[in-house]
Amino acid sequence: MPNWLLPENIADVLPSEARKIEELRRLMLDTYRLYGYELVMPPLLEYVESLLTGAGQDTDLRTFKLVDQLSGRMLGLRADMTTQVARIDAHLLHRNSVTRLCYAGSVLHTRPSGLHATREPLQIGCEIYGHAGLEADAEVQELALASLALAGFVDVRLDLTHVGVLRALLAEDAKARQDEATIVALLRAKDVPGLREQTKGYAAATREALLALPNLYGDIDVLTRAKEVLPALPGITKALADLAVLAASALGRANVAVDLADLRGYQYESGAMFSLYVPGLPNAVARGGRYDHVGEAFGRARPATGFSMDLRELARLLPTAERKHSIRAPWGNAPELRAKIAELRKSGEVVIQSLPGHDIELDEFEYDRVLVLEEGNWILKNLG
Ligand SMILES: N[C@@H](Cc1c[nH]c[nH+]1)C(=O)O
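Structure report, in brief. (Residues numbered from 1 in each chain as written. Predicted model: local features only at pLDDT ≥ 70, side-chain atom pairs only at ≥ 80, totals over all residues. Heavy atoms only, no water.)

Topic: the overall build of the protein chain
In step 1: Helix and strand counts for the protein chain come out as 15 helices and 16 strands.
In step 2: Counting only C-alpha atoms, the protein chain reaches 95 × 55 × 50 Å along its principal axes.
In step 3: Counting all 384 residues of the protein chain, 46% fall into the buried class.
In step 4: Within the protein chain, residue pairs in contact and separated by at least 24 positions form 68% of the contacts whose partners lie at least 6 positions apart.
In step 5: Of the roughly 19700 Å² of accessible surface on the protein chain, a fraction of 54% belongs to carbon and sulfur atoms.
In step 6: A distance of 2 Å separates the average location of the 43 positive side-chain charges in the protein chain from that of its 52 negative side-chain charges. (Helix = DSSP H or I, 4+ residues; strand = E, 2+ residues; numbered from the N terminus. Buried < 20%, exposed > 50% of the residue type's maximum accessible area, 1.4 Å probe, protein only. Contact = heavy atoms within 4.5 Å. Areas by Shrake-Rupley, 256 points an atom, 1.4 Å probe, with all protein chains shown as cover. Lys, Arg positive; Asp, Glu negative; His and termini not counted. Charge placed at Lys NZ, Arg CZ, Asp CG, Glu CD.)

This is the structure:
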């Protein structure tokens, strides 16, 4: 095996793609700053216990683990930054007021989430701590939609769901509660025959409601249908009312859909959740939602909601950026030449000095002007 081969689903990012990703990263972080989100940079690796606190089994399976040579303890490479940011809010900031944090960094996955998905997504996201009301959920939803608009996506679908529906059903039925993981897996797969088999011994009301969930998918009228077919438990009524508010706040900015069986996520979610889809990609490009109990796991209960997305995936869907116009200049130490080049660069021009005897091949830049010495002055000439 040649030693330059990269592992499966791990790739180098070449110049024009890297530029696209980096430009998106800067654009988005600058936008989050305008909304008051403070940037944090959690570490790439941590002790597994703290990395996985509050996270579910999916995150555990996705996390690369290794032994720390200094402490002998097990370390994990982060697979998701959300719980790290929750730890920062709960442990390090000690604020009781609302805290808005954003982040961007690589995460690693032991297994890709799809056949062609990278195992090293570049996760970017925003989280709000300290406000339990729907206003915070609406803000992150808006920011996630604004991020996709910034990236140039116009045709966006917002899928809403709420873990409160299933929680309320399970709270009523001890038998079903024991099988929570299996039920979640069946609902995620919309496996109705499997669900029918699984729910055989449950109370009739629980069974009926669980079997109804995979069909509660479609436009916002689903909320009305759900009210009719699901039991009027307080948790369900509240969840459906929350979703109605969040759907209304996104109207006009996205095609809103509701999918009450969509329980994909990292299993730390505790309330309303959303996924954003764009044409050309079957998987969600952004995911978010409420996860109040993660702060609790870190010793300080803090309401929390946020969203994150993979910038590499997003950039892949966008057209290649146009090559940037640039100026070719000769190599030399003459003070006038150096001064002229410095002045051009200061004004934002890309000036590339040719090294004697070499051609330059560039992916990203295209020469349209050349710097030449004429009658003792360095002047710019257009290239034909
Ligand atoms: N990190 C979550 C999304 C999220 C961010 N904040 C809350 N939820 C994910 O990747 O699915």
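Concerning the sheet that holds strand 6 (residues 122–129)
In step 1: Sheet architecture is open: nine strands sit in the order 1-5-6-12-11-10-7-9-8, paired in mixed fashion. Two strands in the sheet have a free side with no partner beyond their single neighbour: strand 1 (38–39) and strand 8 (217–218).
In step 2: With six bridges connecting them, strand 7 (residues 157–162) and strand 10 (residues 272–277) associate as antiparallel partners. Across the sheet, residue Leu-158 finds its bridge partner in strand 10, namely Leu-276. (Pairing = 2+ DSSP bridges.)

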